[in-house]
Amino acid sequence: MNAAKRREIFRRLRELNPEPRTELEYDTPFELLIAVVLSAQATDVGVNKATRLLYPIANTPAAILALGEEGLSEYIKTIGLYRTKAKNVIAACRLLLEKHGGEVPQTREELEALPGVGRKTANVVLNTAFGHATMAVDTHIFRVANRTRLAPGKDVREVEDKLMKVVPAEYLVDAHHWLILHGRYICKARRPECERCPIVDLCEYPAKTV
Ligand code: SF4
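Residues numbered from 1 in each chain as written. Predicted model: local features only at pLDDT ≥ 70, side-chain atom pairs only at ≥ 80, totals over all residues. Heavy atoms only, no water.

Okay, the domain arrangement of the chain next. For the chain, the domain assignment lists domain 1 (3-20 + 134-196) and domain 2 (29-128). Relative placement of domain 1 and domain 2: their C-alpha centres are 26 Å apart. Taken residue by residue, the interface counts eleven residues in domain 1 and nine residues in domain 2. Here domain 1 packs against domain 2, burying approximately 790 Å² in sum over the two surfaces, 44% of which is carbon and sulfur. Contact with domain 2 buries area across many residues of domain 1, yet Thr134, Ala136 and Glu160 alone supply 48% of it, more than any other trio. (Domains from an automatic or database assignment. Contact = heavy atoms within 4.5 Å. Buried area = accessible area lost by both parts, 1.4 Å probe.)

Below you can see the structure in the form of structure tokens.
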């Protein structure tokens, strides 16, 4: 795909949604961090349901530590893999208090050193809480980048690296939100809704549904 097409894709996505947001609900970097950790292999809707009850009670590392693993599990037990996630969140809260004064760090290395935080989670936090230009490639972005030929790659890391290279600078900070939403609601996994796709004339997917 050539640079003019890529630029036009993002121009249209921005026109349709000038200020894209994550669908996870949060007020602070810490709330976002925990929501993203909980969201692995779970839906944003399911995580929001849990955090709406949890955060009014505990939304700091100290408060969640005080709940303990069992107490935290009560709030998140509707979310997949909740036992592992509860363990990780408690361990991460302990580390945040010990090493970072209870604040969420702003570097990839420090974020990835937290239990339960991998590269994608770090990318989301750096981007969404702190405004860094990072590309958190999830299953939706991976699919959209490959289908459209915007940034084809055989694994999420290759797609991430390509997107970082080819997305025009002015769109870099918000690009991952636009691509996730596009994949979630239009370029769906089972059957892409090409008939209502705003970039159908730019997309290079050979099996479009129109
Ligand atoms: S045209 Fe179809 S395959 Fe291409 S981006 Fe749009 S929905 Fe996805």
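What follows deals with the UniProt feature "domain: HhH-GPD" (unreviewed entry) in the chain. Under the UniProt annotation, "domain: HhH-GPD" (unreviewed entry) lies at residues 38-185. Across residues 38-185, helical content stands at 66% and strand content at 0%; the span's end C-alpha atoms are separated by 22 Å. (UniProt positions renumbered as here; feature names shortened; annotations may be inferred. Helix = DSSP H or I, 4+ residues; strand = E, 2+ residues; numbered from the N terminus.)

In this model, Gln41 sits at a positive phi of 50°, which is unusual for a non-glycine residue. Of note, Gln41 is situated in the loop between helix H2 (29-38) and helix H3 (44-54). Its relative accessible area of 74% is what places Gln41 among the exposed residues. With a phi angle near 75°, Arg149 is a residue other than glycine that sits in the positive phi range. Position of Arg149 among the secondary structure elements: in the loop between helix H8 (139-148) and helix H9 (156-166). Residue classification places Arg149 among the partly exposed positions, given a relative accessible area of 41%. (Buried < 20%, exposed > 50% of the residue type's maximum accessible area, 1.4 Å probe, protein only.)

On to the packing of aromatic side chains, then. In the structure shown here, the tally under the stated rule is three aromatic pairs. Seen from their ring centres, Phe10 and Tyr171 are 5.8 Å apart, and the 25° between their planes marks the pair as stacked. Here Tyr171 lies in the loop between H9 and helix H10 (172-185) and Phe10 lies in helix H1 (residues 3-16), a separation of 161 residues in the sequence. Ring plane angle 50° and centroid distance 6.5 Å describe the contact between Phe10 and Trp178, whose orientation is recorded as tilted. (Phe/Tyr/Trp six-rings, centres within 6.5 Å; stacked < 30°, edge-to-face > 60°.)

With 33 residues, the main nonpolar core has Leu33, Ile64, Leu72, Val89 and Leu111 as its most contacted residues. Those elements giving two or more residues to this core turn out to be H2, H3, helix H4 (61-76), helix H5 (82-100) and helix H7 (119-128). It is H2 that contributes the most residues to this core, eight residues altogether. With near-sequence residues (within four places) excluded, Leu33 lies in contact with Leu96, Val104, Leu111, Leu114, Val117, Thr121 and Val125. Core analysis: the second largest hydrophobic core is formed by 24 residues, Val167, Ala175, Ile186 and Leu202 among them. (Core = buried A, V, L, I, M, F, W, Y, C linked by side-chain atoms within 4.5 Å.)

With respect to spatial proximity, the complete set of residues near the ligand consists of Thr148, His182, Ile186, Cys187, Pro192, Cys194, Cys197, Val200, Cys203, Tyr205 and Lys208. Of the residues belonging to the shell around the ligand, the class tally is eight nonpolar, two polar and one charged. (Near = heavy atom within 4 Å. Nonpolar A, V, L, I, M, F, W, Y, C, P; charged D, E, K, R; others polar.)

Positionally, Lys165 belongs in helix H9. For Lys165, a relative accessible area of 73% puts it in the exposed group.

Let's shift gears to the UniProt feature "binding site: [4Fe-4S] cluster" (unreviewed entry) in the chain. Using the residue numbers shown here, the UniProt feature "binding site: [4Fe-4S] cluster" (unreviewed entry) corresponds to Cys187, Cys194, Cys197 and Cys203. Look at the named residues: they lie 17 residues apart in sequence, but the longest C-alpha span between them is just 10.7 Å, so in the fold they bunch up. Apart from residues no more than four positions distant in its own chain, Cys187 is found in contact with Arg143, Val144, Arg147, His182 and Pro192. Note on placement: Cys197 falls in the segment after H10. Filtering out sequence-adjacent residues up to four positions away, Cys197 remains in contact with His182 and Ile186.

The next point concerns H9. One turn of the α-helix equals 3.6 residues, which is why residues spaced by three or four share an orientation. Of the residues making up H9, those classed as buried are Val159, Glu160 and Leu163. The buried residues of H9 occupy an angular sector of 100° when projected down its axis, which confines them to one face. Contacts made by the buried residues of H9 are with helix H6 (108-112), H7, H8 and H10. (Arc of directions from axis to C-beta.)

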